[in-house]
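Observations on the three-dimensional arrangement
Read off the chains here:
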Amino acid sequence: MHEISIILSIISIVEEEAKKHGISHVHSVTICVGELSCVEEQTLRGCFEVATETSSLAGAKLIIEPVEAVFNCARCGGSIRAHTWLNTCSHCNANDLNLVQGRELFVKNFEAD
Ligand SMILES: [Zn+2]
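Cut-offs used in this document
- Residues numbered from 1 in each chain as written.
- Predicted model: local features only at pLDDT ≥ 70, side-chain atom pairs only at ≥ 80, totals over all residues.
- Helix = DSSP H or I, 4+ residues; strand = E, 2+ residues; numbered from the N terminus.
- Buried ≥ 20, exposed ≤ 12 C-beta atoms within 10 Å, placed from the backbone.
- UniProt positions renumbered as here; feature names shortened; annotations may be inferred.
- Contact = placed C-beta atoms within 7 Å.
- Pairing = 2+ DSSP bridges.
- Axes fitted to C-alpha atoms, helices over the stretch in contact; angles between N-to-C directions.
- pLDDT = per-residue confidence, 0-100.

A look at unusual backbone geometry
Even without glycine at this site, Cys38 takes up a positive phi of about 60°. Looking at where Cys38 falls in the secondary structure, it is placed in the loop between β1 (26-34) and α2 (41-52). One non-glycine residue, Asn93, lies in positive phi territory at about 70°. Judged by C-beta crowding, with 10 C-beta atoms within 10 Å, Asn93 ranks as exposed.

Remarks on the UniProt feature "binding site: Zn(2+)" (unreviewed entry) in the protein
Here the UniProt-annotated "binding site: Zn(2+)" (unreviewed entry) positions come out as Cys73, Cys76, Cys89 and Cys92. These annotated residues cover 20 residues of sequence, but their C-alpha atoms sit close together, with the largest distance between any two at 8.6 Å. Among residues more than four places away in sequence, those in contact with Cys73 are Gly78, Ile80, Cys89, His91, Cys92, Ala94, Asp96 and Leu97. By the secondary structure assignment, Cys89 is in the loop between β4 (79-82) and β5 (97-101). C-beta crowding within 10 Å serves as the criterion here: with 21 such atoms nearby, Cys89 is assigned to the buried category. Sequence-distant contacts of Cys89, that is, excluding residues within four places in its chain, are made with Cys73, Arg75, Cys76, Gly78, Ile80, Ala94 and Leu97.

Remarks on the sheet that holds strand β3 (residues 69-73)
Each strand in a sheet pairs with its neighbour through backbone hydrogen bonds, running either in the same direction (parallel) or in the opposite one (antiparallel). Pairing is antiparallel across the open sheet formed by 3 strands, whose spatial order is β4-β3-β5. Edge positions in the sheet fall to β4 and β5, since each of these pairs with one other strand and no more. Put simply, the sheet's adjacent strands are angled 30° from each other on average, direction ignored. In terms of strand pairing, β3 meets β5 through 4 bridges, oriented antiparallel. Within β5, the position partnered with Val70 by the bridge is Gln101.

Let's talk about the confidence of the model for the protein
Confidence along the protein averages 95 in pLDDT terms, with 99% of residues attaining 70 or more. Across the protein, the element-wise mean pLDDT spans from 94 in helix α1 (residues 2-20) up to 98 in β3.

Here's the deal with the UniProt feature "binding site: Ni(2+)" (unreviewed entry) in the protein
Using the residue numbers shown here, the UniProt feature "binding site: Ni(2+)" (unreviewed entry) corresponds to His2. Take His2: it is sitting in helix α1.

A look at the sheet that holds strand β2 (residues 61-67)
On the basis of which strands lie adjacent, the open sheet formed by 3 strands has the order β2-β1-β6 and mixed pairing. Of all the strands in the sheet, the pair left with one neighbour each is β2 and β6 (105-112). This sheet shows a mean twist of 20° between the axes of neighbouring strands, independent of strand direction. Bridging between β1 and β6 involves 7 bridges; their strand directions are antiparallel.

Okay, structure coming up:
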């Protein structure tokens, strides 16, 4: 269950930012989640609901923005967008791909009073 630790760190990031800006009520939190980050969206939502219940984020909505995966080919330099892991380049068939984005998970912003 690494979703719960992700959620706890998201909550502490938002709480800290909210405190810095003198915000008492957060309406919603938007996070960007890479399509290859191996986290379950439903589990994230469930954890968020439970973990915020007793925090200053109680009642806040969790908005998840998926981030598409992008690979870069080391041989031809092409970039390939995908929704799953790829092994071979669709331009030159080399199996020399590097993942450029798609595993990130971060707080994009939050809305508050
Ligand atoms: Zn290639």
